[in-house]
Amino acid sequence: MSKRTLFVSVLALAGLVSLPQAGCSSAEERDSSFDGGEGEGSSGTSGNGGGGSSGLGGSTSSGGITGNTDAGGGCSDASKLVYVLSAENDLYSFNPAELEFVKIGQLDCEPEGFGSTPNSMAVDRSGTAWVGYSDGQLFKVSTEDASCESTSFDYRRAPISRYGMGFSSDTAGSEAETLYLTGNESDNGLFSLDTASLELAKIGDFGGSLDRAQAELTGTGDAKLYGFFALSPAILAQVDKTTGVASSPVELETIDFDGNALAFAFSFWGGDFWLYSSVDSAPSKVTRVRTATDGSESVVVQDVGDFRIVGAGVSTCAPTSPVN
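Bear in mind that the values here come from a model prediction, so they are computed numbers and not experimental data.

One pass over the structure, following the stated rule, counts two cavities of 30 Å³ or more. The space that makes up the largest cavity amounts to roughly 40 Å³. What lines the largest cavity is a set of 13 residues, and nearest its centre among them are Met165, Gly166, Phe167, Gly313 and Val314. Mapped by element, the contributors of at least two residues to the lining of the largest cavity are strand E4 (118–123), strand E8 (163–169), strand E12 (215–219) and strand E20 (309–314). Among the residues forming the lining of the largest cavity, the class breakdown is nine nonpolar, four polar and no charged. In this structure, the second largest cavity spans a volume of roughly 30 Å³. Around the second largest cavity, the lining residues are Gly219, Thr220, Gly221, Phe268, Val314, Ser315, Ala318, Pro319 and Thr320. A per-class count over the lining of the second largest cavity returns four nonpolar, five polar and no charged.

Structure, rendered in structure tokens:
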């Protein structure tokens, strides 16, 4: 795929407001559809209105960065950072503005089954991480000290076990948010999870060639939801929260799992996508897709260190436009 195609398609992806009610097509059709023009805006913050903007606090943990967010009020400083979870069972904060990972601690969750390992993570507006394990067990983890609390989620009866997760605001700028899941084994469609009752509800399928692809999710404070599909090459697409349909797929030039998607995650922060990927047992790398500016794609951290990122969480309090 050409650099021009990537530029146009990524900007269209981030600026898209309404989605067509149809499934995705083959890779060849996806390429040809990229040249259809840009979306309604040039970044993930355009086209939704409402919510206003607020400064990002200059706390020590956030590196003193400032920027706009459509997240509304009621946000803690901790909820404005990205958090990542390693296959080695450790929780880190990640400040994209400084490309800095800080280890918070090791999870003390006690899954019931032997061999159950961390698999995915989402972070709510209070700064609490919701962590899914490889057999479907769900825990709540403090982003302050990595301490763990079990939940009553009935994972044994759930239609999905290994899943991806992400919170998205119900409307742009709203403090109300919904947790979305997608199965990575038996059912790859989109689900919502009521965080009070812990009841899981199926919304729909992604459609087309993305229906059976492993995926991770990330949402935003301006009420959008995106999927990162572990294909060869990897795909980014916007997901309709009412139907589950994925559209405006973008092929990534720097990420190719080639059937070895053992550790992958992503987040939307500061108007850009931040993707964490590892092939086989190699340490994760970080790829940035600059949807807020020129649509370019680049590896910004080639090697995060001696760990592999299996989950990333960013709350709906995180900035949706570039930070200073």
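After that view of the structure, there is still more to cover.
Attention now moves to the pattern of salt bridges. As a working rule, side chains carrying opposite charge can pair if their charged atoms are close by. What the rule picks out here adds up to four salt bridges. One salt bridge in this structure joins arginine 156 and glutamate 112, with 2.7 Å as the shortest N-O distance. Of this pair, arginine 156 sits in the loop between strand E7 (148–150) and E8 while glutamate 112 sits in the loop between strand E3 (100–106) and E4, and the two are 44 residues apart along the sequence. Taken individually, arginine 156 and glutamate 112 each receive the classification exposed, so the pair is uniform in this respect.

This brings us to the sheet that holds strand E14 (residues 235–239). With antiparallel pairing, the four strands of this open sheet are ordered in space as E12-E13-E14-E15. Whereas interior strands pair on both sides, the edge strands pair on one side only; in this sheet they are E12 and strand E15 (246–251). Going from strand to strand, the sheet's axes swing by 25° on average, the running direction of each strand aside. Of the pairings in the sheet, the one linking E12 to strand E13 (residues 225–229) comprises five bridges and is antiparallel in character. Within E13, the residue paired with threonine 218 across the bridge is tyrosine 226.

About the criteria used
- Residues numbered from 1 in each chain as written.
- Predicted model: local features only at pLDDT ≥ 70, side-chain atom pairs only at ≥ 80, totals over all residues.
- Heavy atoms only, no water.
- 1 Å grid on protein atoms, 1.4 Å probe; cavity = no way out; pocket = protein on both sides within 12 Å on 5 of 7 lines; lining within 4 Å.
- Points joined across faces, edges and corners; volume = space filled by probe spheres on them.
- Helix = DSSP H or I, 4+ residues; strand = E, 2+ residues; numbered from the N terminus.
- Nonpolar A, V, L, I, M, F, W, Y, C, P; charged D, E, K, R; others polar.
- Salt bridge = Lys/Arg side-chain N within 4 Å of Asp/Glu carboxyl O.
- Buried < 20%, exposed > 50% of the residue type's maximum accessible area, 1.4 Å probe, protein only.
- Pairing = 2+ DSSP bridges.
- Axes fitted to C-alpha atoms, helices over the stretch in contact; angles between N-to-C directions.

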